[in-house]
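Architecture at a glance
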Amino acid sequence: MKRDSHTRTREPEAGRAGDAAVALAEAPDDDLLRRCARRDARAFETLVRRHERSITTFAWRMLGDRDAAQDVAQQTFIQVYDHAPSYDPRGKCTTWLFEIARNLSLNEIRRRRRHPASSLDAPLDGGNGNGGGHVADLVAGNGDDPAAAAEAAEDEVVALKALQHLADSYRE
């Protein structure tokens, strides 16, 4: 340990780094955002860890899809990092975070309306019971087993190589 001019003992370097992490963990959101504006990665990481679950849950409730909610949460924090310098500290940080998440969720809902996804399990007959198979049947092609198709292609290569070694009179 080192002593300074006031004869107090200083904490070891590792202790100070741990103290800094504790200080960040206890820092108010506004302070973390100010540090994010200065591109402090540890402050940003602390902010993400603190709010990631609530933002993801919020987006999940809006979208009803966990994967889309995780995407929205990720995009929310990307925007927070990108726009931290423009954060107005007169408002509450969590209000700003949830506003970003809400807007991104609404954008996703609008995107889904414009570009609806089709289920591979959807019936081709429109659900009226007339048969017709499923969308997945069309995507799969003619129904051949992929392993069987690969084996047939290998057999064809072997046969062509064998033909090349035959005398011309036997190839006809």
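Summary of the structure given here. (Residues numbered from 1 in each chain as written. Predicted model: local features only at pLDDT ≥ 70, side-chain atom pairs only at ≥ 80, totals over all residues. Heavy atoms only, no water.)

1. Overview of the overall build of the protein chain
Along the protein chain, the regular secondary structure elements total eight helices and zero strands. Seen in sequence order, the protein chain has helices and strands lined up from the N terminus as α-α-α-α-α-α-α-α. In the protein chain, which comprises 172 residues, the share counted as buried stands at 21%. The contacts in the protein chain between residues at least 6 apart in sequence include a share of 46% that link residues at least 24 apart. (Helix = DSSP H or I, 4+ residues; strand = E, 2+ residues; numbered from the N terminus. Buried < 20%, exposed > 50% of the residue type's maximum accessible area, 1.4 Å probe, protein only. Contact = heavy atoms within 4.5 Å.)

2. Considering the nonpolar core
If you look at the biggest cluster of nonpolar residues, it comprises 26 residues, and the most contacted ones within it are L33, L47 and V80. Of all the secondary-structure elements, those providing two or more residues to this core are α2 (29-37), α3 (41-63), α4 (66-83) and α5 (93-114). Broken down by element, the residue count for this core peaks at seven residues, all from α3. (Core = buried A, V, L, I, M, F, W, Y, C linked by side-chain atoms within 4.5 Å.)

3. Brief notes about the packing of α2 against α5
At a minimum axis separation of 9 Å, α2 and α5 run at an interaxial angle of 65°. Taken together, the residues of α5 that come into contact with α2 (itself represented by D29, D30 and L33) are C93, T94 and W96. In the contact of α2 with α5, the residues fall into three nonpolar, one polar and two charged. (Axes fitted to C-alpha atoms, helices over the stretch in contact; angles between N-to-C directions. Nonpolar A, V, L, I, M, F, W, Y, C, P; charged D, E, K, R; others polar.)

4. Regarding the pattern of salt bridges
Counted according to the given criterion, the structure contains eight salt bridges. Its salt-bridge partner being D29, residue R50 comes within 2.6 Å of it at the nearest N-O pair. Of this pair, R50 sits in helix α3 while D29 sits in helix α2, and the two are 21 residues apart along the sequence. Exposure remark for R50: the relative accessible area of 32% places this residue in the partly exposed category. Linked through salt bridges whose partners overlap, the residues forming this network are D65, E108, R111 and R112. (Salt bridge = Lys/Arg side-chain N within 4 Å of Asp/Glu carboxyl O.)

5. So, the environment of S54
Looking at where S54 falls in the secondary structure, it is placed in helix α3. One polar contact links the side chain of S54 to the main-chain carbonyl oxygen of H51, over a distance of 3.1 Å. (Polar contact = N/O pair within 3.5 Å; in protein donor to acceptor, adjacent residues only side chain to side chain.)

6. Description of the side chain of D29
In this structure D29 comes out as buried when scored by relative accessible area, which is 15%. Polar side-chain contacts of D29 include one of 2.6 Å to the side chain of R50.

7. Examining unusual backbone geometry
Leaving glycine out, the prevailing phi sign among residues is negative, and the prevailing peptide bond configuration is trans. Unusually for a residue other than glycine, R39 sits at a positive phi of about 65°. Topologically, R39 is positioned in the loop between α2 and α3.

8. Here's the deal with the side chain of H51
Residue position: H51 is located in helix α3. The exposure class of H51 is buried, given its relative accessible area of 8%. In contact with H51, other than residues within four places in its own chain, are D29, F77, T94 and L97.

9. Some details on the packing of α2 against α3
The axes of two packed helices give the description: the angle between them and the distance between them. Packing of α2 against α3 leaves a shortest axis separation of 8 Å and a crossing angle of 140°. Taken together, the axes of α2 and α3 are oblique relative to one another. Our pair here, α2 against α3, has a crossing hand that is left-handed. Of the residues in α3, those in contact with D29, L32, L33, R35 and C36 of α2 are A43, F44, T46, L47, R50 and H51. In terms of residue class, the contact of α2 with α3 is built from six nonpolar, two polar and three charged. (Parallel < 35°, antiparallel > 145°, perpendicular 65-115°, else oblique. Left-handed = near helix turned anticlockwise from the far one by under 90°.)

Nothing here speaks to function; it is geometry throughout.
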